[in-house]
Amino acid sequence: MKIKFFYLLTFSFLLYLSNWAQTVQPDGITMEQTIEFLNNKLGKDFKLELAHKNMQLIINFYKNSVLYKIDRVFLGTLDTAKVSFSNEEKSLILRCRNADELEGKFKKFKDGCIEREIIDKNLIGNYGRTSIEAGTEKKKIASLQKAFVHLAKLAQDEEYSSNIPFE
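Position labels on residues start from 1 in each chain and follow its written sequence. Whole-chain, interface and lining totals are the exception, using all residues; otherwise, since this is a predicted model, local features are given only for residues with pLDDT of at least 70 and side-chain atom pairs are given and counted only at 80 or more. With hydrogens and water excluded, all non-hydrogen atoms of the structure serve as input to the side-chain values.

A. The arrangement of the sheet that holds strand β2 (residues 56-63) in detail. One requirement defines pairing of two strands: DSSP has to find at least two bridges between them. Strands here mean DSSP runs of E at least two residues long; helices mean DSSP runs of H or I at least four residues long; both are numbered from the N terminus. As summarised here, the arrangement of the 5 strands in space is β1-β2-β3-β6-β7, forming an open sheet in which the pairing is antiparallel. Here the strands that pair on one side only, and so sit at the sheet edges, are β1 (46-51) and β7 (123-127). With strand direction ignored, the average angle separating the axes of adjacent strands in the sheet is 20°. One ladder, built from 5 bridges, connects strand β6 (residues 114-118) with β7; its direction is antiparallel. Bridging from a neighbouring strand, E117 pairs with I124 of β7. In this analysis, two residues are considered to be in contact whenever any of their non-hydrogen atoms come within 4.5 Å of each other. Under this scheme, a helix contributes an axis fitted over its contacting stretch, all axes are lines through C-alpha atoms, and angles between N-to-C directions fall in the 0 to 180 degree range. In the packing of helix α2 (residues 31-42) onto the sheet, the strands contacted are β1 and β2, and the crossing angle to β1 comes to about 165°.

If you want it as structure tokens, here you go:
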């Protein structure tokens, strides 16, 4: 009797584990989870949001808790191979794909895929890159870089999925 109970208990536990494993991120780390990770890592001077059905990244820049700049970028225009760190600027750099690589609805971004709005000067312009202060901690920089690349790949490739943690 004890043996049957043990086998039943073991079988039930394995069945539970199997069902649980199927509910844990079957499609990989989502855009929303990535944005949450980035917002936590970047701190109070930045707030990232998704817009236009998760195809546009909005980066809000703050100084002394006051919004001073907004960068808007369609994730499909980012060059995932050119997400890099600048030691000189102590910033993570997100760059646009080359103009000749932009197709379809993204061709209109050939002059720069980053729309920047400077709030206090009431200026709006297009740029080929944006920079996000990241400090000098190598582990943090690497995790931010992985997360931004992951975010862009999710927007650019419907087949892409990854459960690999950023840290």
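From this point, things continue past the structure.
B. The state of the cysteines, seen in detail. Disulfides are defined in this document as cysteine sulfur pairs within 2.5 Å. Within this structure, the stated rule accounts for 1 disulfide. Between the sulfur atoms of C96 and its disulfide mate C113 the distance is 2.1 Å. Looking down the S-S bond of the C96 and C113 bridge, the torsion is -95°, so its handedness is left-handed. Here C96, found in the loop between β5 (91-95) and β6, pairs with C113, found in the loop between β5 and β6; they are 17 residues apart in sequence, far enough to count as distant. Given a relative accessible area of 2%, C113 falls into the buried group. We call a residue buried when its accessible area falls under 20% of the maximum for its residue type, exposed when it is over 50%, and partly exposed in between, using a 1.4 Å probe and counting protein chains only.

C. Structural detail: the environment of E115. Along the chain, the position of E115 falls in strand β6. It is 8.1 Å that separates the C-alpha atoms of E115 and I70, two residues lying 45 residues apart in sequence. When residues no more than four places from it in sequence are discounted, the contact partners of E115 are I70, D71, R72, I124, G125 and N126.

D. Geometry of the nonpolar core. L38, L48, L57, I59, I132 and F148 are the most contacted members of the largest nonpolar core, which totals 35 residues. Secondary structure elements with two or more residues in this core: α2, β1, β2, β5 and α3 (138-156). Looking at this core, the element that brings in the most residues is α3, giving 9 residues. Once residues within four sequence positions are removed from consideration, L48 is found in contact with I35, L38, N39, L42, L57, I58, I59 and F148. Nonpolar core, defined: a set of buried Ala, Val, Leu, Ile, Met, Phe, Trp, Tyr and Cys residues in which side-chain atoms within 4.5 Å join the residues together.

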